[in-house]
Amino acid sequence: MTHSNWRRLLLVAAAGLLAGAVWSAGDPNSFNRLMKPPSMRNPPPAEDGIHDPDNPGTDLLQAPRAAFGDLPDSSSGNYVDWVKALEESHIAPRYDRLDADAKPVLMDLNIVREVKGSMPDVVYPHKQHTEWLDCSNCHPAIFIPLKGANQISMAEIILGEKCGACHGKVAFPVSECRRCHSRAKTADAAAGQ
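Rules used throughout
Residues numbered from 1 in each chain as written. Predicted model: local features only at pLDDT ≥ 70, side-chain atom pairs only at ≥ 80, totals over all residues. Heavy atoms only, no water. Phe/Tyr/Trp six-rings, centres within 6.5 Å; stacked < 30°, edge-to-face > 60°. Helix = DSSP H or I, 4+ residues; strand = E, 2+ residues; numbered from the N terminus. Buried < 20%, exposed > 50% of the residue type's maximum accessible area, 1.4 Å probe, protein only. Lys NZ or Arg CZ within 6 Å of the ring centre and 35° of its normal. Core = buried A, V, L, I, M, F, W, Y, C linked by side-chain atoms within 4.5 Å. Contact = heavy atoms within 4.5 Å. Pairing = 2+ DSSP bridges.

Asks: How would you summarise the packing of aromatic side chains if you had to cite specific residues and measurements?
Replies: On inspection of all chains with the given rule, the structure shows 1 aromatic pair. Between phenylalanine 68 and tryptophan 82, the aromatic rings sit 5.4 Å apart at their centres with planes inclined by 85 degrees, giving edge-to-face as the arrangement. Here tryptophan 82 lies in helix H3 (residues 82–87) and phenylalanine 68 lies in helix H2 (residues 64–68), a separation of 14 residues in the sequence. For tryptophan 82, a relative accessible area of 27% corresponds to the partly exposed category. Above the face of the phenylalanine 172 ring, arginine 179 is positioned so that its terminal group lies 4.0 Å from the ring centre.

This is how it looks when you write it as structure tokens:
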């Protein structure tokens with residue numbers, strides 16, 4: 001990692017610490033937005049810090065707790081397992097905002113990225129992504145569709161690049177390591193060969 005990337009990562013972490021201090025100065029975990037108590041998760045739009053509470057349209061939006069109530073639970077993010085919600089037909093997202101009848105072009109292909117160190121290898125499931133997104137959302141701007149053409153690091157992801165363009169924003173957070181690092185290393189890889 002370059003010096004400038006480390007510096008940027010430290011600045012992002014410092015900004016998070018400062019923002020967390022505003023949330024609760026007495027809570028040692030206040031810097032970590034993922035450790036909010038259940039009572040503070042998925043607040044109503046007027047209280048979420050994203051929507052303008054003075055805008056009359058904000059009150060027309062459905063509160064997440066009401067919207068998510070019947071959806072399958074997850075242990076992170078907004079606490080909804082969106083893949084399971086789609087698989088079990090709890091939701092039927094529109095694939096194309098202009099064409100209600102458009103169907104996704106599913107690609108049932110897993111990409112395995114062997115990682116250095118002791119973490120399990122990463123399995124990237126195209127199917128779960130192409131149920132939601134067109135290929136052009138990621139290719140070629142974020143990922144070059146060519147084996148070996150994409151160098152990916154956790155630092156980049158945490159900084160909102162590569163997988164971090166979505167994960168931690170609109171998809172489950174990167175703190176859920178085992179959701180991606182899910183394939184055990186082969187005996188040769190574990191032995192360092």
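From this point, things continue past the structure.
Asks: Now, about the nonpolar core: what can you tell me, with residues and values included?
Replies: Counting 5 residues, the largest nonpolar core is built from Leu71, Val80, Ala85, Leu86 and Ile91. Aside from chain neighbours lying at most four places away, what touches alanine 85 is Leu71, Pro72, His90 and Ile91.

Asks: So, the pairing of strand S2 (residues 121–125): which residues are in play, and what are the values?
Replies: Judged from the 4 bridges that link them, strand S1 (residues 110–113) and S2 form a sheet pairing that is antiparallel. Note on S2: the bridge partner recorded for asparagine 110 is proline 125. Pairing geometry for S2 and strand S3 (residues 181–183), over 2 bridges, is antiparallel. Bridge pairing in S3 places aspartate 121 opposite arginine 183.

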